[in-house]
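The lines below spell out each chain.
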Amino acid sequence: MRTRFESIGAYTPSTIRSTEDVINALSVPRALDLERITGIKNRRVHNSDPENYESSFVLAQRAIENCLESSGYAAADLDVIISVSITRFTAPGQYCFAPSFAAQLGAAIGAGKALHFDLSNACAGMITGVLVLDRMIKAGVVRRGLVVSGEQITPIAETATREISQPYDPQFAALTVGDAAVAVVVDDRGDDDDEIHYIELMTTSAGAEHCIGMPSDQTTGIAMYTDNRALASESRFLQGISRMADFLFETGRAWESEKYDYWIHHQFSGPAIDYISSLTERHFDTPMPQALNIYADYGNTASTSHFLVLREHLAQGRIPRGSKVLLIPEASGVVSGHLAATISRLEAWHG
């Protein structure tokens, strides 16, 4: 059984907020060159008008609609819907834990008969969802399904701007986020020109200090606290690189023979992505594929980042038909891994 990406969709809010605006909103003035440190110039922010509120749910639904516009399947054809959002806002001040987002989204788009469940794996959520769907298809449980994430995550940046008061703060990473939603359909019709080759993830507790939740006074919204030094440590990146090297060796592959055309990293920091690339090049002793990035304009869009990069570059005609793309997750937890796929249909619909 061979799987493929059958269609992809995305939605980003129209409101743009610059990094300069974020820094100027800090409660305590300080010298912090966030744009230089991360390479992020702008990010998209949800519409907060109660009449046109862009909740996590609304963002996700719009991404699904965009995805199905280019799909050969209707919503009723889907066998399963998997929602992987970190955030679960359904209205101003309303955070929903049950029923599942997947069930609600299925009902909203007319896929009420599809299997449905939610899962969460931090910023590796979309890749985790695709992994689970890929395995379900190969096990013969389903033939086609949809993975979706809607991230209305900028409220953590709003909390951070109110509370950060020192040069090193565990809420620093929250200043990089932007809102977005993505959706992909995966089916069982893969072939030599269109195939998800492999997906592997690894989780380790080493150096993992990350949480998202209510601030201590429980009055100022949600917040994200991260051990930024652990997340950016060389040992963490080397662990993921080493595991990929082991995977390639164990499966009779080599980096050079895989001939990746492009790779996409989690969009949390441009300099960090460059650093990971240099470590990987040094490890495999060969040039790296062309990196695809959008962090300068969209920031860190949490679980949606890899597929938002893919969707944006496909929409701009920058990924030729038949390209082999490697997605590298980096998520708090700590999660690392890789997803390799050759894509043709996506280019045909979005090129």
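Above this note sits the structure.
Student: Before we go on, may I ask you to explain unusual backbone geometry in this structure?
Tutor: One can expect most non-glycine residues to show negative phi and most peptide bonds to be in trans. Cis geometry marks the peptide bond from A98 to P99, where omega comes out at 0°. Its location among the elements puts P99 in the loop between β6 (94-95) and α4 (101-109). Even without being a glycine, A122 presents a positive backbone phi close to 55°. Given the relative accessible area of 17%, A122 is considered buried. Phi at A302 is positive, roughly 60°, even though this residue is not glycine. Mapped onto the secondary structure, A302 falls in the loop between α11 (295-298) and α12 (305-315). Here A302 falls in the buried class, since its relative accessible area comes to 1%.

Student: Help me understand the packing of helix α3 (residues 56-69) against α4, please; the structure alone is not making it clear to me.
Tutor: The description of two packed helices rests on the angle between their axes and on the distance between the axes. As a packed pair, α3 and α4 sit with axes 11 Å apart at the nearest point and diverge in direction by 50°. Taken as axis vectors, α3 and α4 run oblique relative to one another. Remark: the crossing between α3 and α4 carries right-handed chirality. Every residue of α4 that contacts α3 at S56, F57, A60, Q61, I64 and L68 is listed here: F101, Q104, L105, A108 and I109. The residue makeup of the contact of α3 with α4, split by class, is eight nonpolar, three polar and no charged.

Student: What is the right way to look at the pattern of salt bridges in this model?
Tutor: Oppositely charged side chains can pair when the atoms bearing their charge come close. The full count for this structure, using the stated rule, is 15 salt bridges. E35 is paired through a salt bridge with K41; the nearest N and O atoms lie 3.0 Å apart. With a shortest N-O distance of 3.1 Å, E258 and K324 are connected by a salt bridge. Taken together, the positions of E258 in helix α9 (residues 255-258) and K324 in strand β15 (residues 323-328) put the pair 66 residues apart, joining distant regions of the chain. Overall, K324 belongs to the buried group, its relative accessible area being 12%.

The rules we used
- Residues numbered from 1 in each chain as written.
- Predicted model: local features only at pLDDT ≥ 70, side-chain atom pairs only at ≥ 80, totals over all residues.
- Heavy atoms only, no water.
- Helix = DSSP H or I, 4+ residues; strand = E, 2+ residues; numbered from the N terminus.
- Buried < 20%, exposed > 50% of the residue type's maximum accessible area, 1.4 Å probe, protein only.
- Axes fitted to C-alpha atoms, helices over the stretch in contact; angles between N-to-C directions.
- Parallel < 35°, antiparallel > 145°, perpendicular 65-115°, else oblique.
- Left-handed = near helix turned anticlockwise from the far one by under 90°.
- Contact = heavy atoms within 4.5 Å.
- Nonpolar A, V, L, I, M, F, W, Y, C, P; charged D, E, K, R; others polar.
- Salt bridge = Lys/Arg side-chain N within 4 Å of Asp/Glu carboxyl O.

So, to be careful, I would describe these as geometric facts and stop short of saying anything about function.
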